[in-house]
Amino acid sequence: MAAAAKEILTRRPVAATIRLTVPAGGARPAPPVGPALGQYRLNLMAFCKDFNARTQKYKPDTPMAVTITAFKDNSFEFTVKSPTVSWYIKKAAGVDKGSTRPGHLTVTTLSVRHVYEIAKVKQTDPFCQYMPLESICKSIIGTANSMGIKIVKDLE
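Note that this is a predicted model, so its numbers are computed, not measured. (Residues numbered from 1 in each chain as written. Predicted model: local features only at pLDDT ≥ 70, side-chain atom pairs only at ≥ 80, totals over all residues. Heavy atoms only, no water.)

(A) Broad picture of the overall build of the protein chain. Looking only at helices and strands, the protein chain has six helices and five strands in total. Based on the C-alpha atoms only, the size of the protein chain along its principal axes is roughly 60 × 45 × 30 Å. Of all 156 residues assigned to the protein chain, the portion counted as buried reaches 34%. Considering only contacts within the protein chain whose residues lie at least 6 apart along the sequence, 63% involve residues at least 24 apart. Carbon and sulfur atoms make up 54% of the accessible area of the protein chain, which totals about 10100 Å². Taking the 22 positively charged and 11 negatively charged side chains of the protein chain as two groups, their mean positions are separated by 4 Å. (Helix = DSSP H or I, 4+ residues; strand = E, 2+ residues; numbered from the N terminus. Buried < 20%, exposed > 50% of the residue type's maximum accessible area, 1.4 Å probe, protein only. Contact = heavy atoms within 4.5 Å. Areas by Shrake-Rupley, 256 points an atom, 1.4 Å probe, with all protein chains shown as cover. Lys, Arg positive; Asp, Glu negative; His and termini not counted. Charge placed at Lys NZ, Arg CZ, Asp CG, Glu CD.)

(B) Representation of the UniProt feature "domain: Large ribosomal subunit protein uL11 N-terminal" (unreviewed entry) in the protein chain within the structure. Per the UniProt entry, the sites bearing "domain: Large ribosomal subunit protein uL11 N-terminal" (unreviewed entry) are residues 18–76 in this numbering. Across residues 18–76 one finds 29% helix and 27% strand; the C-alpha atoms that close the span lie 10 Å apart. (UniProt positions renumbered as here; feature names shortened; annotations may be inferred.)

(C) Expanded view of the packing of helix H5 (residues 112–122) against helix H6 (residues 133–146). Remark: H5 packs on H6, axes separated minimally by 9 Å, with the N-to-C direction vectors making an angle of 120°. Between H5 and H6 the crossing geometry is right-handed. Between H5 and H6, the contacting residues are Val115, Tyr116, Ile118, Ala119, Lys120 and Lys122 on the first element and Leu133, Ile136, Cys137, Ile140 and Ile141 on the second. Looking at side-chain class alone, the contact of H5 with H6 contains nine nonpolar, no polar and two charged residues. (Axes fitted to C-alpha atoms, helices over the stretch in contact; angles between N-to-C directions. Left-handed = near helix turned anticlockwise from the far one by under 90°. Nonpolar A, V, L, I, M, F, W, Y, C, P; charged D, E, K, R; others polar.)

Shown next as structure tokens:
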């Protein structure tokens, strides 16, 4: 009980929660990062250096979703998520965009192996960490179907 009370007393007041999509290794103090963090008087260069260091294992220009929690004392912390499932599906399928009429028009096909590989990458995300791999695969298959991409057992 005393630990919970101490944690509440040491909690810092939050000024804002900022959600951005920034290319991996490409955070610069220019827009969109600069104006978003500047209005809360956060240290732009510290964020850019930390973000670029955390995302250096990804290929450049991979869109990374980042959630920044800005505190009233001008400090911040952030979490970086892996790219969206739709981005991975488009890369694996080699298409620029999904179908204009999903369910009627099939753009391309993907194998179950592709789905499994995407699911393994997504399992490292903080929000998918405790989800079973099968559930993540089902979610990816649903996303692919809504993009007009058919999932097959093996590619011919």
